[in-house]
Every structure is written in C-alpha cells, then in structure tokens.
Amino acid sequence: MKLHRPAVFVYMVPTDAPEADGTLAWDSTTMVIAEVTAGDATGTGWTYGPVAVADFLRDRLAPLVEGRDALDIPAAHDAMCRSVRNTGRPGIAACAISALDIALWDLKARLLELPLARLLGVCREQVPVYGSGGFTTYHDTHLAAQLNGWVHGQHIPRVKIKIGGNWGREVTRDLARVHAARQVIGPESELYVDANGAYTRKQAIRVGHALAQQGVGWFEEPVSSDDLTGLRLVRDALVCDVAAGEYGYDLPYFARMITAGAVDCLQADATRCGGLTEFLRAAALAQAHGLEISAHCAPHVHAAAAASVPNFRHLEWFHDHVRIEDMFFDGALDPTGGTVCPLAGIGHGLELRTDNVAEYRVG
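All of these numbers come straight from a predicted model, not from anything done at the bench.

What counts as what
- Residues numbered from 1 in each chain as written.
- Predicted model: local features only at pLDDT ≥ 70, side-chain atom pairs only at ≥ 80, totals over all residues.
- Heavy atoms only, no water.
- Salt bridge = Lys/Arg side-chain N within 4 Å of Asp/Glu carboxyl O.
- Helix = DSSP H or I, 4+ residues; strand = E, 2+ residues; numbered from the N terminus.
- Buried < 20%, exposed > 50% of the residue type's maximum accessible area, 1.4 Å probe, protein only.
- Pairing = 2+ DSSP bridges.
- 1 Å grid on protein atoms, 1.4 Å probe; cavity = no way out; pocket = protein on both sides within 12 Å on 5 of 7 lines; lining within 4 Å.
- Points joined across faces, edges and corners; volume = space filled by probe spheres on them.
- Contact = heavy atoms within 4.5 Å.
- Expected span 1.5 Å × (residues − 1).
- Bend = angle between axes of the 7 residues up to and from the residue.
- Axes fitted to C-alpha atoms, helices over the stretch in contact; angles between N-to-C directions.
- Left-handed = near helix turned anticlockwise from the far one by under 90°.
- Nonpolar A, V, L, I, M, F, W, Y, C, P; charged D, E, K, R; others polar.
- Patch = residues over 30% accessible without salt bridge, like charges linked within 9 Å, V, L, I, M, F, W, Y side chains within 5 Å.
- Areas by Shrake-Rupley, 256 points an atom, 1.4 Å probe, with all protein chains shown as cover.
- Core = buried A, V, L, I, M, F, W, Y, C linked by side-chain atoms within 4.5 Å.

Novice: Honestly, the pattern of salt bridges in this entry has me stumped. Any pointers?
Specialist: A side chain with one charge can pair with a side chain of the opposite charge if their charged atoms come near. Under the counting rule described, the total for this entry stands at 23 salt bridges. Between Arg201 and Asp227 there is a salt bridge whose closest N-O contact spans 2.9 Å. With a gap of 26 residues between them, Arg201 in helix α8 (residues 201–212) and Asp227 in the loop between β7 (216–220) and α9 (228–237) connect regions that are remote in the sequence. A relative accessible area of 34% means that Arg201 is categorised as partly exposed. A salt bridge links Arg235 to Asp264; the shortest N-O distance between them is 2.8 Å. Of this pair, Arg235 sits in helix α9 while Asp264 sits in the loop between α10 (251–259) and β9 (265–268), and the two are 29 residues apart along the sequence. Look at Arg235 and you get partly exposed, because its relative accessible area is 23%. Taken together, the shared-partner salt bridges in this structure form one network comprising Lys160, Lys162, Asp194, Glu220 and Glu316.

So this is what it looks like as structure tokens:
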C-alpha cells in the first residue's frame, strides 16, 4: 500500500506560567504535526521545535516518502537520513525526520489494526513515569503545588525539578529549592534534578555532594552534554546517577556518549533523534553496554516504544508536553499510580482534536 504525500501542521501554545531552566527561558511551545495516509488509515507524528521544522518536512521530506510502501519504514527512514547529508542532520532536519517517522509507525499499526505497542512487541504493560517540571521561575508555592499534585494527588513516586538557575549563579537558591521539594514529597519519593548544563565541572561536583544529603538520585546534565569528559568526571565523583542524551540527533551521538562513560542512564528523545526507529536503536545500543534508557519529554510519543524496551527505566511526564498532548488528543494516558499503560486503541491510541485546537494553529 502506497503512501500519500504527508500533510504538515504547526501549532503554538502559550505556557500556563513563565518557565525557565538553568540556561533558557520560554513563554510558548511550538508543536509540528505530520500526518501520513495510506489506504483508509492516517498516522500522526509530532515534534517540538521551530516553524522551520515544518517547512523542511513539507518541502524536503514529504516528496521523498510519497509513493513508498507504507509498511517499509526502514527504507523510508534510511532515505530521509541519506537526503540530509549536505544539509546537516542535527537540529531542524532531525526533528523533521522524527515527526514523520513517528507518523509512519502509527500508520503501520493502524493498517494492521494493532496497538503500536503490540506491533513492536510488549516487554511490560505498565511503563514507569516521573513528574517533570519545577521550573526555576516557579515561586515556592507554585513548586509545592505541582509536586503535591504528582506525589500526593496522582501518586507518582518520582519527580524532577530544574536547578542551575541563571547559568549556575544561584546555587544557594538551587539547594533551597531542592530542600523545599524534599519537604513536600516526603522521604520515600524519588527526587531528581536537572541543571540543563548550567554548572562548571567542579561546581557540579560540589552541588552534587550537597544534593546527596537530600537523597537526590538523578542528576541530569550537571554540565553541558557536549562535555563528555566533564560528565565522566562528575559521574565518577558522585553517588547519584548522572544522565544526559536528550540532544542526541543520531545514533553516533549516543555511541560517543556511551563509550566515553559519560552517563549512568542514557536519555533519548524520539522527537529529535530520528523517531521511534532511532530511539529503539539507541535503546539497543545502551543495552549492549549495560545501561538503561530513559525517554525525554513527549510522553505519548514514547509510551508504546517504552513498553517494548527491556532496559527501559522511565518516561518523563513533562509538564509542558503533557499539558499540550492532553489538550490536542483524545486517548491521552493516565499516570495515576506512577505508570501508564499504552495498550488501548490502535496505533499510538491518540486522535487529534483538530477543531478544538484550531486557535493555536500558525503558518
């Protein structure tokens, strides 16, 4: 069955409050959606990135996959990756490839009338999640309310907040916020932090020792993810797990990170790295080196694949993307109890509410 030319849509959604991490601030999130049809079925994929992703997808990739067999995802994926040799894959091109690849997997499952998790093969029916947000712009009451909602409202036993405020210049406040978070969630829940690469190497080590006193078990991007030597130094110095990988745009990126001994748990983002095709390859690469993998953001993109990966640790229930995906799709998952079950419906189980979200469409 042959693929029709994909359709591309762009939506921009304002945040519900000012948001920032250690190295960036934002007030809206842009979502690029790809829809691809074969026969009577339509698959939907998406990524989070600039409008330029949509332009690239529409102009460069859509003609490339048109007319291909809908079941032959590896061939379409390989053709897309080869086509960006001179353009450069990291960034816009990789996000465009990712959105279309995700749509192709959803389409294939719908053509076969299967849940995507069943098409991939299920390793677990319940996928662990962790609540993620705690932006550096949040005041203490906002932070407490968000954490309370996850831990005591939805009974999610693991949560993450942002630290590294103002490029690592607010360490005293960072540690105070971590202490406040621990007070809210109690001693039994897992507490994670994400510095988004804000600290220097030795600064990250000093902060990490202080974090250990609050029982922090996950230190994400203590230094820049481009500083593999620095990540390794921090990892060797601390008892908590060091994680990175969300900016991986291709498989060699993950290979370099793993062989450098830079992380205790690899992160990958299917909306950036090349879709579910490359996410599954990254998971296999991590398993070959004795590592687990964690899915970065876009939880409804990753849920089915997470159910199929033996070495999967957890899925990031990221505030911005959860809010948008709940708004945009019927069939959104429920994380109550700390897990989601991505086995309902066919494909990834989501249906776009086109009319309901028309106000956010741009371009």
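Novice: Which parts of the structure should I look at to understand the sheet that holds strand β3 (residues 41–48)?
Specialist: Backbone hydrogen bonds hold the strands of a sheet together, and the pairing may be parallel or antiparallel. In spatial order, the strands read β3-β2-β1-β15; together these four strands make up an open sheet with antiparallel pairing. In this open sheet, the two edge strands, each paired with only one partner strand, are β3 and β15 (361–362). Two strands pair when backbone bridges link them, and strand β1 (residues 7–20) and strand β2 (residues 25–38) are joined in this way by ten bridges, in the antiparallel orientation. Residue pairing across strands places Ala7 opposite Glu35, the latter belonging to β2.

Novice: Could you clarify how one ought to interpret the layout of surface pockets in this entry?
Specialist: The method is simple in principle: a probe with the dimensions of a water molecule rolls over the atoms, and the space it marks as empty is what remains. Counted as a void, the largest pocket has a volume near 670 Å³. Every residue lining the largest pocket is counted, 33 residues in all, and those nearest its centre are Leu24, Trp26, Glu246, Tyr247 and Arg272. Those elements that place two or more of their residues in the lining of the largest pocket are β2, β5 (158–162), α11 (270–273), β11 (312–318) and α14 (319–328). Here the element with the most residues in the lining of the largest pocket is β2; it accounts for four residues. Looking at the second largest pocket, its volume works out to about 200 Å³. Residue lining of the second largest pocket: 15 residues in total, with Trp150, Gln154, Trp317, His319 and Val322 positioned closest to the centre. Among the elements of the structure, α5 (140–153), β11 and α14 are those that each provide at least two residues to the lining of the second largest pocket.

Novice: Any chance you could explain helix α2 (residues 73–83) here in plain terms?
Specialist: Among all positions of α2, only Ile73, Ala76, His77, Ala79, Met80 and Cys81 are buried. Each element contacted by the buried residues of α2 is listed here: α1 (51–65), α3 (92–111) and α12 (275–288).

Novice: In this structure, what is going on with α1? I would like to understand it.
Specialist: Taking 1.5 Å as the rise per residue, α1 with 15 residues should run 21 Å; its terminal C-alpha atoms sit 21 Å apart, in good agreement. At Leu57, α1 shows its maximal kink, close to 40°. The set of residues buried in α1 consists of Val53, Ala54, Phe56, Leu57, Leu61, Ala62 and Val65. Along its buried surface, α1 packs onto β1, β2, β3, α2 and α3. Of the residues trailing α1, Gly67 is marked for its positive phi of about 90°.

Novice: Help me understand the packing of α1 against α2 in this model?
Specialist: Packed helix pairs are specified by the crossing angle of their axes together with the interaxial distance, meaning the distance between the axes. Packing of α1 against α2 leaves a shortest axis separation of 10 Å and a crossing angle of 145°. Taken as a pair, α1 and α2 cross one another with a handedness that is right-handed. Side by side, α1 and α2 meet where Arg60, Leu61, Leu64 and Val65 of the first sit next to Ala76, Ala79, Met80 and Ser83 of the second. Each residue belonging to the contact of α1 with α2 can be placed in one class, and the counts come to six nonpolar, one polar and one charged.

Novice: I'm lost on empty space enclosed by the protein in this one. Help?
Specialist: Summed over the entire model, instances satisfying the criterion amount to one cavity of 30 Å³ or more. Here the largest cavity is characterised by a volume of approximately 70 Å³. Around the largest cavity sit His300, Ala303, Ala304, Leu333, Pro342, Gly347, His348 and Leu350, which together line it. For the lining of the largest cavity, the per-class residue count stands at five nonpolar, three polar and no charged.

Novice: It is not clear to me how a nonpolar patch on the surface should be interpreted in this structure. Could you clarify?
Specialist: A contiguous nonpolar surface patch, about 210 Å² in accessible area, is contributed by Leu71, Leu112 and Leu114. Looking at the element boundaries, Leu71 is found in the loop between α1 and α2.

Novice: Just checking my understanding: could you explain the nonpolar core for this structure?
Specialist: Nonpolar side chains in soluble globular proteins generally cluster together in the buried interior. In this structure, Leu147, Ile163, Phe219, Phe279, Ile293, Phe312 and Phe328 are the most contacted members of the largest nonpolar core, which totals 120 residues. Broken down by element, the residue count for this core peaks at 13 residues, all from α3. Residue contacts for Ile293: discarding those within four places in its chain leaves Cys265, Leu266, Ala268, Phe279, Ala282, Ala283, Val309, Asn311, Phe312, Arg313 and His314. In this structure, Tyr130, Tyr192, Trp218 and Ala243 belong to the second largest nonpolar core, which totals five residues.

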